[in-house]
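# Fold and contact review
In case you want the letters, here they are:
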Amino acid sequence: GAVVSQHPSWVICKSGTSVKIECRSLDFQATTMFWYRQFPKQSLMLMATSNEGSKATYEQGVEKDKFLINHASLTLSTLTVTSAHPEDSSFYICSARGLLWSGELFFGEGSRLTVL
Amino acid sequence: GIQVEQSPPDLILQEGANSTLRCNFSDSVNNLQWFHQNPWGQLINLFYIPSGTKQNGRLSATTVATERYSLLYISSSQTTDSGVYFCAVEYYGQNFVFGPGTRLSVLP
């Protein structure tokens, strides 16, 4: 299967700072990337969908100015948590889909964010 | 929107036992995937199975799209099978929706 890499795996930051998480498709071109958030012992909740070269589409209730998503190339999407607060602490996971893989989704390893 | 249910929510097995996990969905779907989330949080693709039956080693899955359910079979379970199993469905023009998951614990 295809490989999606996410970095960093975990990050601790102070309240008020911004954190950037990268999601890369290593062996395929990802036309669409998705960002999910997962709270402890809960399922994955879709935050936004990004298509290369266009603005991300955010799910209802997700603050666009808080969670900035950029999909500048077919292999890289970034999620920036701006002015992070303790309630933003969570597990963030990206996934990617490419033309050669029909509808199948592949996931990164996830990034655990802790805001102090 | 589409609703996805999984059962059972929790399952405890003795090593070597077999199990069946179920995923029900409320509307027609064009894609369905099963994932295993390991204790470190990583999601591992098990099956991409919008319809039919597939097998991979001790695991197999069957999706009956017309009846809106999918089953994941785990045979001869091992402790490394522990974790959370999610099914996710994609319905026409919409994004993948995840079920609540089945938390599996396999005891030695």
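This report concerns the structure included in the present document. In this text, all values refer to a predicted model and were calculated from it rather than measured experimentally.

### So, the sheet that holds strand 8 (residues 76-81) of chain A
All names here are of chain A. Read across the open sheet, the 4 strands follow the order 1-3-8-7; overall the sheet is antiparallel. Looking along the sheet, the strands with just one partner apiece sit at the ends: strand 1 (4-7) and strand 7 (67-73). In this sheet, neighbouring strand axes are inclined to one another by 15° on average, regardless of whether the strands run parallel or antiparallel. Bridge count for strand 3 (residues 19-25) against strand 8 is 6 bridges, and the pairing is antiparallel. The partner of Val 19 across the bridge, within strand 8, is Val 81.

### Here we look at the state of the cysteines
Residues and elements named next belong to chain A. One pass over the full model with this rule turns up 2 disulfides over all chains. Two residues share a disulfide in this structure: Cys 23 and Cys 94, whose sulfurs sit 2.0 Å from each other. Classification of the bridge connecting Cys 23 and Cys 94 rests on its S-S torsion, roughly 80°, and on that basis the disulfide is right-handed. Taken together, the positions of Cys 23 in strand 3 and Cys 94 in strand 9 (residues 90-98) put the pair 71 residues apart, joining distant regions of the chain.

### What to know about the packing of aromatic side chains
Scanning the entire structure with this criterion turns up 8 aromatic pairs over all chains. Aromatic pair A:Tyr36 and B:Phe98: ring centres 5.4 Å apart, planes at 80°, arrangement edge-to-face. Pair noted here: A:Tyr36 is in strand 4 (residues 30-38) and B:Phe98 is in strand 10 (residues 97-98), and the two residues belong to different chains. On the basis of relative accessibility, which here comes to 9%, the residue B:Phe98 falls in the buried class. Within the aromatic cluster, the residues linked to one another by ring pairs are A:Tyr36, A:Phe107, B:Phe35, B:Phe86 and B:Phe98. Positioned over the ring face of B:Tyr69 is B:Arg22, at 4.2 Å from the centre of the ring.

### Here's the deal with the interface of chain B and chain A
With 18 residues of chain B at the contact, the number on the chain A side is 21 residues. Summed over both sides, the interface between chain B and chain A buries roughly 1500 Å², with carbon and sulfur atoms accounting for 52% of that surface. In this structure, the salt-bridge partner of A:Arg97 is B:Glu90, at a minimum N-O distance of 3.0 Å. Joining chain B to chain A, the criterion identifies 6 residue pairs in polar contact (both at pLDDT 80 or more). Among the secondary structure elements, those contributing two or more residues to the side of chain B that touches chain A are strand 4 (31-37), strand 5 (43-48) and strand 9 (83-90) of chain B. No other element matches the 4 residues that strand 4 of chain B contributes to the side of chain B that touches chain A. Residues belonging to the side of chain B that touches chain A are distributed by class as follows: 8 nonpolar, 8 polar and 2 charged.

Rules used throughout
Residues numbered from 1 in each chain as written. Chains lettered and ligands numbered in written order. Predicted model: local features only at pLDDT ≥ 70, side-chain atom pairs only at ≥ 80, totals over all residues. Heavy atoms only, no water. Pairing = 2+ DSSP bridges. Helix = DSSP H or I, 4+ residues; strand = E, 2+ residues; numbered from the N terminus. Axes fitted to C-alpha atoms, helices over the stretch in contact; angles between N-to-C directions. Disulfide = S-S within 2.5 Å. Phe/Tyr/Trp six-rings, centres within 6.5 Å; stacked < 30°, edge-to-face > 60°. Buried < 20%, exposed > 50% of the residue type's maximum accessible area, 1.4 Å probe, protein only. Lys NZ or Arg CZ within 6 Å of the ring centre and 35° of its normal. Contact = heavy atoms within 4.5 Å. Buried area = accessible area lost by both parts, 1.4 Å probe. Salt bridge = Lys/Arg side-chain N within 4 Å of Asp/Glu carboxyl O. Polar contact = N/O pair within 3.5 Å; in protein donor to acceptor, adjacent residues only side chain to side chain. Nonpolar A, V, L, I, M, F, W, Y, C, P; charged D, E, K, R; others polar.

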